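Descriptive analysis of the structure
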Amino acid sequence: MIDGMSSSDFLDRLFWVPAGISAIIAINCIGLSVAQGLWSAILIIISFFYGVVVFQEPVKVLPFGLSGVSLLVIGVVGMALSPAIFEKKSPPSKSIQSDPSNEEQILIEPTEIVVQPGIFASMPPTKRKILGYSAAVFCGTWGGSIMVPLKIAEKSGSTTSGINYVFSFGVGAMIVNVFMIVVYFLALRLVFDRPVPSFQLRVMAVPGSISGILWSLGNYLGIYGVLILGQSIASPYTQVALFVSGLWGILLYGELKGKAIVMWIASALTAFGGIVTLSYATNIKS
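Residues numbered from 1 in each chain as written. Predicted model: local features only at pLDDT ≥ 70, side-chain atom pairs only at ≥ 80, totals over all residues. Heavy atoms only, no water.

1. What about the layout of surface pockets?
Within this model, the second largest pocket holds a volume of roughly 490 Å³. As for the second largest pocket, its lining consists of 17 residues, and the residues nearest its centre are Leu32, Ser245, Gly246, Gly249 and Glu255. Elements that contribute at least two residues to the lining of the second largest pocket include exactly α2 (32-54), α3 (62-85) and α9 (241-252). With seven residues, α9 is the single largest residue contributor to the lining of the second largest pocket. Along the lines of polarity and charge, the residues of the lining of the second largest pocket split into eleven nonpolar, five polar and one charged. (1 Å grid on protein atoms, 1.4 Å probe; cavity = no way out; pocket = protein on both sides within 12 Å on 5 of 7 lines; lining within 4 Å. Points joined across faces, edges and corners; volume = space filled by probe spheres on them. Helix = DSSP H or I, 4+ residues; strand = E, 2+ residues; numbered from the N terminus. Nonpolar A, V, L, I, M, F, W, Y, C, P; charged D, E, K, R; others polar.)

Now the structure itself:
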């Protein structure tokens with residue numbers, strides 16, 4: 001084992017990588033809004049359970065803690081679902097085609113929705129939904145356990161903490177990701193009989209690197225958040241990332257309009273109320 005890293009330090013990568021894969025499956029099967037709302041709500045509940053029940057993090061007033069978690073769940077789910085609830089379903093447009101044997105134009109009504117090709121496109125709708133909801137539940141449950149090895153290492157007196165833990169996380173994530181990519185490519189070829197996709201290195205070099213850097217900075221601060229505030233309060237707070245992504249969607253991309261913005265703002269205020277309530281209910285370590 002690398003100096004400064006223990007075998008327990010690799011456990012969180014075994015939580016993080018499968019959680020990320022299940023998130024992709026959930027989004028492909030049931031859509032981004034529903035999937036992210038479901039796994040975020042479950043992650044908040046799981047993280048609070050670990051902090052209060054497993055690690056015995058002190059809570060000043062338990063009813064306030066439960067109320068704060070409930071408000072966070074309602075707010076996060078509301079922010080995630082607001083685009084889907086108020087999305088305007090525009091009627092299918094008619095396309096005009098010419099009949100070669102007749103000069104008269106014929107109106108053609110589209111009869112089915114074109115699904116993007118993929119592994120899940122050929123699945124029956126019911127099975128696809130079951131898979132999507134199951135993946136979202138797994139993502140929230142598994143993802144809510146990501147920082148558990150960090151807390152275990154802290155309680156066992158491990159020196160791998162803070163910036164050292166980030167290095168451990170990166171090495172472990174690379175190893176687990178390479179293994180999962182190999183498994184995925186083998187499954188594509190041997191099970192689904194599909195071609196191996198391109199890595200699109202030229203396309204993803206700049207945006208992928210920027211996204212990775214931003215995520216790493218957030219993960220770094222999240223680690224210190226768990227060490228200082230505790231699992232029960234810091235991990236639920238990270239799900240307020242929906243607030244930032246929602247603002248990007250509203251202000252930069254114009255994704256939300258009218259009533260959807262009103263619901264999103266009300267949900268964001270509800271989530272903020274949950275943060276304030278949770279902060280009051282949980283002791284912050286000095």
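Let's pick the thread back up.
2. What about the side chain of Ser82?
Here Ser82 shows up in helix α3. A polar atom in the side chain of Ser82 sits 3.0 Å from the backbone oxygen of Met79. (Polar contact = N/O pair within 3.5 Å; in protein donor to acceptor, adjacent residues only side chain to side chain.)

3. Regarding the environment of Pro58
Considering the arrangement of structural elements, one finds Pro58 in the loop between α2 and α3. Pro58 gets classed as partly exposed once you look at its relative accessible area, which sits at 44%. Along the primary structure Pro58 and Ala281 are separated by 223 residues, whereas in three dimensions their C-alpha atoms are 8.9 Å apart. (Buried < 20%, exposed > 50% of the residue type's maximum accessible area, 1.4 Å probe, protein only.)

4. With respect to the packing of aromatic side chains
With the rule as written, the count across this model stands at six aromatic pairs. Here Tyr220 and Tyr224 contribute two aromatic rings whose centre-to-centre distance is 5.1 Å and whose plane-to-plane angle is 80°, an arrangement assigned as edge-to-face. Residue Tyr220 and its partner Tyr224 are both found in helix α7 (residues 201-229); the two are separated by four residues, about one turn of the helix. Taking the relative accessible area as the measure of exposure, Tyr220 reaches 26% and is therefore partly exposed. Grouped by ring-pair contacts, the aromatic residues Tyr184, Phe185 and Phe199 constitute a single cluster. (Phe/Tyr/Trp six-rings, centres within 6.5 Å; stacked < 30°, edge-to-face > 60°.)

5. Topic: the packing of α2 against helix α4 (residues 125-143)
Viewed as axis vectors pointing N to C, α2 and α4 meet at an angle of 35°, and their least axial separation amounts to 7 Å. Crossing hand, α2 versus α4: right-handed. Together, Val34, Ala35, Leu38, Trp39, Ile42, Leu43 and Ile46 of α2 and Tyr133, Ala136, Val137, Cys139, Gly140, Thr141 and Gly143 of α4 make up the contact between the two elements. Per-class residue counts for the contact of α2 with α4 are eleven nonpolar, three polar and no charged. (Axes fitted to C-alpha atoms, helices over the stretch in contact; angles between N-to-C directions. Left-handed = near helix turned anticlockwise from the far one by under 90°. Contact = heavy atoms within 4.5 Å.)

6. Concerning the nonpolar core
Ile44, Val69, Leu72, Met79, Trp264 and Leu278 are the most contacted members of the largest nonpolar core, which has 21 residues in total. If you list the elements that add at least two residues to this core, you get α2, α3, α9 and α10 (259-281). With near-sequence residues (within four places) excluded, Trp264 lies in contact with Met79, Ser82, Leu242, Phe243, Gly246, Leu247, Ile250 and Leu256. Listed in part, the eleven residues of the second largest apolar core include Ala23, Ala26, Phe120 and Cys139. (Core = buried A, V, L, I, M, F, W, Y, C linked by side-chain atoms within 4.5 Å.)

7. Comments concerning the packing of helix α5 (residues 148-155) against α7
Following both chains from N to C, one finds α5 and α7 inclined at 50°, their axes separated by 11 Å at the closest point. When the interaxial angle is binned, α5 and α7 end up oblique. As for how α5 packs across α7, the hand of that crossing is right-handed. Listed contacts from α7 to Leu150, Lys151 and Glu154 of α5 are Ile223, Val226 and Leu227. Classifying every residue of the contact of α5 with α7 by side-chain character gives four nonpolar, no polar and two charged. (Parallel < 35°, antiparallel > 145°, perpendicular 65-115°, else oblique.)

8. Observations regarding the environment of Gly274
Looking at the secondary structure, you find Gly274 in helix α10. The class of Gly274 is buried, set by a relative accessible area of 0%. Sequence spacing of Gly274 and Leu71 is 203 residues, and the spatial spacing of their C-alpha atoms is 4.6 Å. Excluding residues that lie within four positions of it along the chain, Gly274 makes contacts with Gly68, Leu71 and Leu72.

9. Concerning the confidence of the model for the protein chain
When pLDDT is averaged along the protein chain, the result is 76, and 78% of the positions lie at 70 or above. The secondary structure element of the protein chain with the lowest average pLDDT is strand β2 (residues 105-108), at 42, and the one with the highest is α4, at 89. (pLDDT = per-residue confidence, 0-100.)

10. Topic: the side chain of Asn219
Its place among the elements puts Asn219 in helix α7. Residue Asn219 is classed as buried on the basis of its relative accessible area of 11%. Setting aside chain neighbours within four positions, we find Asn219 in contact with Met147 and Phe169.

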